[in-house]
Each structure stands twice: as C-alpha cells, then as structure tokens.
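Chain and residue survey
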There are 2 protein chains.
Amino acid sequence: MPQLGLLHGRAWAVLFGQLRRPPGAVCIRAVHSHSQVAEAALATQMKPRQEKSNFIIKTPKGTRDLSPQQMVVREKILDMVVSCFKRHGAKGLDTPAFELKEMLTEKYGEDSGLIYDLKDQGGELLSLRYDLTVPFARYLAMNKVKKMKRYHVGKVWRRESPTIVQGRYREFCQCDFDIAGQFDPMIPDAECLKIMCEILSGLQLGDFLIKVNDRRILDGIFAICGVPESKFHAICSSVDKLDKMSWKDVRHEMVAKKGLAAEVADRIGDYVQCHGGVSLVKQMFQDPRLSQNKQALEGLGDLKLLFEYLTLFGIAEKISFDLSLARGLDYYTGVIYEAVLLQTPAHAEEEPLNTFGEKIRTTETQVFVATPQNNFLQERLKLIAELWDAGIKAELMYKNNPKLLTQLHYCENMGIPLVVIIGEQELKEGVIKLRSVASREEVAITRENLVAEIQKRLSES
Amino acid sequence: MPQLGLLHGRAWAVLFGQLRRPPGAVCIRAVHSHSQVAEAALATQMKPRQEKSNFIIKTPKGTRDLSPQQMVVREKILDMVVSCFKRHGAKGLDTPAFELKEMLTEKYGEDSGLIYDLKDQGGELLSLRYDLTVPFARYLAMNKVKKMKRYHVGKVWRRESPTIVQGRYREFCQCDFDIAGQFDPMIPDAECLKIMCEILSGLQLGDFLIKVNDRRILDGIFAICGVPESKFHAICSSVDKLDKMSWKDVRHEMVAKKGLAAEVADRIGDYVQCHGGVSLVKQMFQDPRLSQNKQALEGLGDLKLLFEYLTLFGIAEKISFDLSLARGLDYYTGVIYEAVLLQTPAHAEEEPLNTFGEKIRTTETQVFVATPQNNFLQERLKLIAELWDAGIKAELMYKNNPKLLTQLHYCENMGIPLVVIIGEQELKEGVIKLRSVASREEVAITRENLVAEIQKRLSES
C-alpha cells in the first residue's frame, strides 16, 4: 500500500488537520456504489414531470463535461504546465470560486457585464471569479504579501455571448504564473516569456510566436495621434480586435462607433499595423514624434532590455514586437504578451482520434483478474486484494459468474496488458495463469511469485 | 525540455484541439509579470473608496484561500486519493461548476435550501453544484451511459449556516468514486469500502472505523416501530444526528419537533443504539419483528454478503455495522457508509508545524543561480536557461546586483539544496562553483559537466 514518505506521522497529522473539516468524521464520505447512483440517474431520466414535461437534460449554455478521454488529455497538459511552473520556482495557491462582488467591480473595464453574479440569498453579495489575477491581487493585499511567485490552475467563468460557435466557453480553465513584487525591470517578464516558450514547445502544437507590446507605447501612440485621453480605453479595446478583424473594420469601429476623427484613426493605423523584432523597437526609438512621448519612451526602453534578456534565454526569434497587441483588460499597464500558433492543427475539431490508429486509454489498469469457471468470485476477490495491496492497478468483473470471453474482450477493449486467471486446475496446483493480452501467451506462476513477476513485466514494458 | 512521449504529434494536436478554444490564439495568455499584478494589488489595497469607505478585503463567508503550505498538503492528499482511484480502474470525469437549477431541485431533501443559486441575468436559471453525485447522474442520463466507474475530484458549494466554527466550509473539495450500473450485489460496494480503507491507511491519520448501514434496514425499523411512512425522511434525518447529539436529544427532537409518539421513539432507540460486526447482522436476522419486514431482510441479506467479501479483502475488522448511521441525503436507498477517526489527531488545528522541526517546502527548486559580483546578470541568465532547458528546477534573484549573502540566505530559507555560483574568477577559468547549501562545501566544475554533475547529485539525494 502506498505511503506518504515525506513527512513523519505526527507532522502529517497536523498538516492534514489544518485541511480537513475538524470534528471526527473524515471528508471522504462520498464513495458511492452502483445501485444508488444508477437509481439517481434513472430518476433524473425517467421521472415523469407533470409541470415541466419539456425539461431537457443538458449542461448550462456555454459549458461542457469533460469525458474520460478529454480528461486524459487535460491531465497531460496540466501536468506539463504545472511542472514547468514548478521548474521556475513557483508556489501553489488556491482561492475560492467566488469573491465579494465589490472586489471584482471596476477591474475589467468593458467586460464587467460578463461577470456571473450569485443570487442574493441573504448575506454577502457574491460573484464568480472572472480570472485568477484579481483574486491573487486580493490575496496579496489581504495578507500584506509584498512579493510572491505563484501559480494557480483553476476554472473561471465569463458570460460570453457568442460562446461556443467561436470556441469560447463560459467556463474554462486558466493556468496563471505571476511574479508579484518590486524588482529590476524586465527580468521577471523575460522569465514569463521563457515559460510560455517552454510550455508551447513541450505541448508540441507546431510553430508559435509570442506577440509582445507595452501599454505605455500604445498610450503614447494614442497621445501623439491625437486621441483624447478619455477615449484611450475604448480605442485600446478596438485595437485589441485586430487579431480577429481587418484594419478597415477596426477603423470603422473607431470612427463610426467610438467617434474618433478619421485622420486620427489613420495615424493610429500607420503604427498599429507594424510588427517585427528588436529592430522595430530601435526603429520606433527613431520615430520623431513617438520618441518625444515620455510614456512611450519608457515602454520602448523596457522592450529593448527585454529583447536583450530574451536573447540570453535563446528565445528572441520566437518573440514578435507587435504594435496591434492591446489585451482586453484594464489592469494591464506595462508589457503585455500573447501567444499565437502559426498554423492551426488541420481539422483539429472534427477528426476522430482513431484516424491515427491510436487508442487513448482512459484507465491505467495493469492487470485483470479473470476466471474461466463459475463460483470463483471468492478466489478472485482474495487475489485482487493481494494485487491492490501491492500497489498494482487491477480490475475484475462485478459478476458472480462472468464468461471468460467477456473478460478477455474487456481487456482488449480497454488496453489492459495482463490477465491473471484462476480456475479449479490452478487452485489445485497452487498456481495462477498469467496471460499477456497482446501475445496471448500464458504461463503458470506460483502464487508466491505472482506479484513479483507482474511487477517485473510491468517495469519491462 | 520535457516532452509528451505518449502520443505522436498529430494525434496530440487533434486531442489538444478538442480541448482548447479553437481560433488561433492559445489559451495560455495569462502569464503575468511583476509590476502589473503588484499594481492591481496595490490598487485594491490603497484605492480611496468614497462611497464604500468601510470595504474590507476578505474572502466570502465560509470560504478560504489555500496558502502555498496548505497547497503542498492538499496536493499530496489528492495525489494519494487519485492514485488509489486509478489503481481500482476508474476513469476521470469533469462537470461544470453549475447546473440548471431544475437539475438540482428535489434531489437533496431538507438540504435543498443550502444550494447557491446564480442571479437571473437573462437566460437559464443556474445553481452551483451541491455535490458531484447529481452531476454524475446527469452525465449518465444525458449520454445514455448505463455503466461507468469514474472518479471526480472537485469543489462543491453549500450555504451551511454554522460554517467554520464547526469546521464546515461553504466551499470544499469532494473526492468521489462511483461504480454505476447493474451488477451482482455487494461486489462494487465491497470495492468502495476497500478503497476507503486504502486511502485512510495511506493518509496515516491513525486508527479509523467505517460505519456501515442500509437505508432499507432503517426503513424496516421505522415501519415495525410504528413511524408513519410520511415521517420516514424526517425521522431518518434525526437519526443521522446521533454522531453529534446524544440519544436523549435526538429523541426529544423526534417527539417535540417531529411529532412522533414517545413510545415509538423509544422503540427506535432500542435499535439505533446498536453497533457491532457481522455478528450483529446475524442477531438482527433473528429479531422476531425485524425479520418479518421484507425491506429490512433484503438489507440484512446484502450486509451479510458484504461482510463476506470484506473478509476476503482482509478489511472486515475495520467495518462496523452501525444502526445509527443514516446519511443526510435523499438519494441513498441501499447500503450507506461513513468513516470516522477513532482519535482526533492531538491539537491538529493549533500546533504549528515547526514543533516537529520539520519545514514544509512550498517550492521544488533544486538549484539557485548566484553571483558574488555586480554586473553578472547576463551570465546568470545564460546559465539558468541552460538549467531550465535540462529540466532542472532553478531560480535566481530578479535584481541586477544582488548581494551574495542575500542569495545564500534565500536558499537556506527555502530549502534549496544546491547553489551554482558564477563570478569573474569562474568566468576566467571556464568553471562554475557548485555549492551544497547543507554542508557549505564548494567545488569547481567545468561548464560542460555542470548539468550532468547536478543531475547526479540530485539523483543521489
């Protein structure tokens, strides 16, 4: 049986005590069994509903379940992301799914209307978190923490309107890595970009590029082009749409919807359609008007430094200085970045996986305990307990008298590599038959040697 | 750099495509940097709020953040729990945090008032999930799945009133393992109990006992004692309180609040104060009145079978047939179980961890990159990128010119075992100094051999 080796028993008990609900009863009360859950499902499915006869069983709009197959993928992705965050020395943190409503207001600009509020059921007014950044800021402020490098993987909720058609879900998972504190400029930012590169390379999604910009440069551009300061936010959010809309359409929005003078929009257009490497940073330094703007100069200086560090990290060629990058939220004030894939994986959405002849295993079962005979449940139960207690991942059929063929088919379908078979013959001889599902070879092994033999085979494969 | 070895690139891209938000941009856009988050925190902390001058920075009532130290513990616990679930062949599943309100109503009996509803912001009426069982039942019904063994670890939300005082949070994590489907009786239930034993033993919390009962036996007792059928649920929920209240108080509730005749309550008391092993099951079979009740007989028959299987699993002595166990929720109809610790870990809540002279590391950093000299940032950045790319967990100070002592103190405080030091001397000689934080020993190592030497030392420790 697995043990927690790291801490001695007493310390462990204290730590655990801090996490569990105190009085007596342990938190694991919800290990259910078949009949009752099946009945609950049946009740949901079958119950005649007089008043609500057209009730449809579905997930809420814009949300979805993750199937076991999708869960395997998500687990691999999150493992890779979290191990990268840990490689960079980040601590873990978790915050509640909802915050005081007041905490979230005025943090997201135009997007504030997309926050899910909880119903006023007496007590505090609450909202579901919209990102992991504001809760982190709240944590820092509440605990008077001045300096912290933390990661946080968790769900956030946004009442997006177009939702799934455009691939936006109302519930989705964010993976945040933040370095909070006062440091010398651009060293933490360079590390954040290094992290993005490591994760995107590790995920093997094909070529990517990370766009970089600075809100101060954008503000500088708006200022020298003649945007009134009251319109900076609105114009910024128009610029942010350049990854989805043409400049023509964005210009139209600025002029027609946001009341910007056409010539001001055109001047903005000359800038925000530029992108390039560190040479573009240098070029902007030479720009006669931009170089007169204090804010823009600060931003450009930081970007120059950033590119120097990125070169030392060996990732400068993955980074593009892109003047159209604006990012939607109000809380960005300095350097901003966003990764894009350079080619969309072909037909990623539709193609079924077995096109590749590969099967995703949704369980990790290593050994199946089977019998060819009736009335062998007791022997199977004793045997499988031995395997579990040795840490071997094992399953059996929940039937008194399953058919051998059914048992073997299950192993093939589920990709279980080994079967142990016990029947009258084996019981008489004090052996167990060990069968390889792939080769169908069977060997008889004495009961005492079974666990060791299984572990040997598993470690070899 | 770590790679995902299991699937070839194309299949991986397809899988990933099914998970990510489709058009172009990748989901990892939220890798933030220091200055902006710090500012957001500062804004939250400092912003003068005219109208809301008494605004307090806190988490909502009944919720809490998990600090890095608590996260380390939670991660260990969940790793152990999930690996046990996988050892028993369960598939993963995830469902949204909220469900259609209608889906949750009528599922929880008396507790329904504790469901968090979302505000009606147009569209569907939604509620936060109250457990993971009803969403699982919804998943089965929606996808017409008849048979599934799945685990689900996730948060649930309940508007409990007494909240933290009694150790109940309004947001807490549930770890569910369910076997849904039609099988021969008690085989899946026996496995669920085996799982509880494996997890509780693995967590090393001290001695525990798992109470077992059957709702049909309880209903049978109520029937033969003379409880009107309309009061079964109410009386059942009174019985459920016997783990927190004395029989005297529970009896009072039954009689005074729920209108039960005193002699009926007394008859119930004779039964529900019994507990024991399989011998109590056999004794109840002999009970002249209970053995006349069809429902109770079915429950007793199943418990007898269950104990037989538990004996084969080697865990019968951990299980107690406890007639007072009722469990709160309406969806239980058959066998029910609940684990209790036999002694509360002493002072688990108050005792600070360092009583044991043990320090919980909140990061996994293996190597710190330090310098004794000014103007060595560039060399440090080049060096640390080499370590990261070799998969080594490494940190440095985000300062142009940190003091050596500050850097070494940081390593001692954070429990980082190794330091690599680069200065003028080392640069000239083409070496790096490798220092053990514990022994303070330093050796010079050529740059080419550094990664290999670090990996050797880490694998030895």
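Cut-off values and rules
Residues numbered from 1 in each chain as written. Chains lettered and ligands numbered in written order. Predicted model: local features only at pLDDT ≥ 70, side-chain atom pairs only at ≥ 80, totals over all residues. Heavy atoms only, no water. Helix = DSSP H or I, 4+ residues; strand = E, 2+ residues; numbered from the N terminus. Areas by Shrake-Rupley, 256 points an atom, 1.4 Å probe, with all protein chains shown as cover. Salt bridge = Lys/Arg side-chain N within 4 Å of Asp/Glu carboxyl O. Buried < 20%, exposed > 50% of the residue type's maximum accessible area, 1.4 Å probe, protein only. Pairing = 2+ DSSP bridges. Phe/Tyr/Trp six-rings, centres within 6.5 Å; stacked < 30°, edge-to-face > 60°. Polar contact = N/O pair within 3.5 Å; in protein donor to acceptor, adjacent residues only side chain to side chain. Contact = heavy atoms within 4.5 Å. Lys, Arg positive; Asp, Glu negative; His and termini not counted. UniProt positions renumbered as here; feature names shortened; annotations may be inferred. pLDDT = per-residue confidence, 0-100. Expected span 1.5 Å × (residues − 1). Arc of directions from axis to C-beta. Axes fitted to C-alpha atoms, helices over the stretch in contact; angles between N-to-C directions. Parallel < 35°, antiparallel > 145°, perpendicular 65-115°, else oblique. Left-handed = near helix turned anticlockwise from the far one by under 90°. Nonpolar A, V, L, I, M, F, W, Y, C, P; charged D, E, K, R; others polar.

Brief notes about the overall build of chain A
- Within chain A, the regular secondary structure consists of 16 helices and 14 strands.
- Accessible surface for chain A amounts to roughly 19,100 Å². Of this, 52% is attributable to carbon and sulfur atoms.

Some thoughts on the environment of Phe136(B)
- Residue placement: Phe136(B) occurs in helix H5 (residues 133–142).
- Residues Phe136(B) and Leu209(B) lie 73 residues apart in sequence; the distance between their C-alpha atoms is 27 Å.

Some details on the pattern of salt bridges
- Taken as a whole and assessed by the stated rule, the structure comprises 68 salt bridges over all chains.
- Asp94(B) is paired through a salt bridge with Arg74(A); the nearest N and O atoms lie 3.3 Å apart. Linking Asp94(B) in the loop between strand E1 (91–92) and strand E2 (98–100) with Arg74(A) in helix H3 (residues 68–87), this pair reaches from one chain into another.
- One salt bridge in this structure joins Glu379(A) and Lys382(A), with 3.8 Å as the shortest N-O distance. With Glu379(A) and Lys382(A) both in helix H13 (residues 377–389) and 3 residues apart, this pair spans about one turn of that helix.
- Residue Lys382(A) is classed as partly exposed on the basis of its relative accessible area of 35%.
- A cluster of three or more residues bridged by salt bridges with shared partners is formed by Asp214(A), Arg216(A), Lys294(A), Glu298(A) and Asp302(A).

A word on the pairing of strand E4 (residues 148–157) of chain A
Residue and element names in this part refer to chain A.
- Buried residues dominate E4, accounting for 9 of its 10 residues.
- Examined bridge by bridge, strand E1 (residues 91–92) and E4 share 2 bridges and lie parallel to one another. Following the sheet pairing, Gly92 is matched in E4 by Tyr151.
- Alignment of E4 against strand E5 (residues 171–180), held across 10 bridges, turns out to be antiparallel. Counted as the bridge partner of Arg150 is Asp178 from E5.

A word on the packing of aromatic side chains
- One pass over the structure, following the stated rule, counts 16 aromatic pairs over all chains.
- Look at Phe98(A) and Tyr116(B): their rings are 5.1 Å apart centre to centre, the planes differ by 50°, and that puts the pair in the tilted class. Here Phe98(A) is found in strand E2 (residues 98–100), whereas its partner Tyr116(B) is found in the loop between helix H4 (101–104) and strand E3 (126–128) on a different chain. For the pair Phe98(A) and Tyr116(B), one class covers both residues: buried.
- Measuring from centroid to centroid gives 5.2 Å for Tyr398(A) and Phe183(B), while their planes differ by 75°, and the two rings are edge-to-face. Here the residue Tyr398(A) occupies a position in the loop between strand E11 (394–395) and helix H14 (404–414), and Phe183(B) occupies one in the loop between strand E5 (171–180) and helix H6 (187–202), the pair thus bridging two chains.
- For Tyr398(A), a relative accessible area of 6% corresponds to the buried category.
- Grouping aromatic residues by their ring pairs yields a cluster made of Phe85(A), Tyr151(A) and Phe177(A).

Considering the sheet that holds strand E8 (residues 319–322) of chain A
Residues and elements named next belong to chain A.
- Pairing is mixed across the open sheet formed by 4 strands, whose spatial order is E7-E8-E6-E9. On the outer flanks of this sheet lie strand E7 (275–276) and strand E9 (335–341), each paired with one strand and no other.
- Of the pairings in the sheet, the one linking strand E6 (residues 208–214) to E8 comprises 3 bridges and is parallel in character. From the neighbouring strand, Lys211 faces E8, where its bridge partner is Ser320.

Description of the side chain of Arg150(A)
Residue and element names in this part refer to chain A.
- Inspection of the secondary structure assignment puts Arg150 in strand E4.
- Within the structure, the side chain of Arg150 is placed 3.3 Å from the backbone oxygen of Leu132, a separation counted as a polar contact.
- When residues no more than four places from it in sequence are discounted, the contact partners of Arg150 are Ala90, Lys91, Leu93, Leu132, Phe136, Asp176, Phe177 and Asp178.

Section: the side chain of Arg129(A)
All names here are of chain A.
- Of note, Arg129 is situated in the loop between strand E3 (126–128) and helix H5 (133–142).
- Despite being buried, Arg129 has no salt bridge partner; Asp94 is the closest side chain of opposite charge, sitting 4.6 Å away.
- For Arg129, the side chain forms a polar contact with the main-chain oxygen of Thr95, separated by 2.9 Å.
- Here Pro96 takes part through its backbone oxygen, which lies 3.3 Å from a polar atom of the side chain of Arg129.

Here we look at the sheet that holds strand E14 (residues 442–446) of chain B
All names here are of chain B.
- With mixed pairing, the 5 strands of this open sheet are ordered in space as E11-E10-E12-E13-E14. At either end of the open sheet lies a strand with only one pairing partner, and these are strand E11 (394–395) and E14.
- When strand E10 (residues 367–370) meets E11, the two strands line up parallel, connected through 2 bridges. When the sheet's bridge partners are listed, Phe368 is paired in E11 with Glu395.

Concerning unusual backbone geometry
All names here are of chain A.
- One non-glycine residue, Gln204, adopts positive backbone phi at about 55°.
- Mapped onto the fold, Gln204 is located in the loop between helix H6 (187–202) and E6.
- The backbone of Arg440 shows a phi angle near 65°, a positive value even though the residue is not glycine.
- Note on placement: Arg440 falls in the loop between strand E13 (431–436) and strand E14 (442–446).
- Assessed through its relative accessible area of 52%, Arg440 is described here as exposed.

So, the UniProt feature "domain: Anticodon-binding" (unreviewed entry) in chain A
- According to UniProt, the "domain: Anticodon-binding" (unreviewed entry) feature falls on residues 366–457 of chain A.
- Helix makes up 41% of residues 366–457 of chain A and strand 23%. Its end C-alpha atoms lie 10 Å apart.

Thoughts on the environment of Gln273(A)
Residue and element names in this part refer to chain A.
- Tracing the backbone shows Gln273 in the loop between helix H10 (262–272) and E7.
- Between the C-alpha atoms of Gln273 and Leu323, which are 50 residues apart in sequence, the distance is 6.6 Å.
- At a separation of 3.0 Å, a polar atom in the side chain of Gln273 contacts the main-chain carbonyl oxygen of Gly269.

Looking at the confidence of the model for chain A
All names here are of chain A.
- Averaged over all residues, the pLDDT of chain A is 87; the fraction at 70 or higher stands at 83%.
- Below pLDDT 50 for its whole length, residues 1–30 participates in 92 contacts with residues either more than four positions away or in separate chains.
- Predicted confidence is poor over residues 347–352, with pLDDT under 50, and the contacts of this stretch with residues over four places away or in other chains come to 12 contacts.
- In the predicted assembly, ipTM is 0.88 and pTM is 0.88.

Some words on helix H3 (residues 68–87) of chain B
- Across its 20 residues, H3(B) extends 28 Å between first and last C-alpha, which sits within 8% of the 28 Å expected from 1.5 Å per residue.
- Looking one or two residues past H3(B), Gly89(B) carries a phi angle of roughly 80°, positive in sign.

Notes on helix H11 (residues 278–286) of chain B
All names here are of chain B.
- Those residues of H11 that sit buried are Leu280, Val281 and Met284. Taken end-on, H11 shows its buried residues confined to a sector of 105°, consistent with a single buried face. Set apart from the buried face of H11 by more than 90 degrees, the exposed residues are Ser279 and Gln286.
- Of the surrounding secondary structure, the elements contacted by the buried residues of H11 are helix H10 (262–272), strand E7 (275–276), helix H12 (294–312) and strand E8 (319–322).

Looking at the packing of helix H8 (residues 232–239) of chain B against helix H9 (residues 247–257) of chain B
Residue and element names in this part refer to chain B.
- Taken N-terminus to C-terminus, the directions of H8 and H9 make an angle of 160°; their axes are 9 Å apart at the nearest point. By the criterion of interaxial angle, the relationship of H8 to H9 is roughly antiparallel. Like other packed secondary-structure pairs, H8 and H9 cross with a definite hand, here right-handed. Counting all contacts with H8, which are made through Ile235, Ser238 and Val239, the residues of H9 involved are Val250, Glu253 and Met254.
- Residues belonging to the contact of H8 with H9 are distributed by class as follows: 4 nonpolar, 1 polar and 1 charged.

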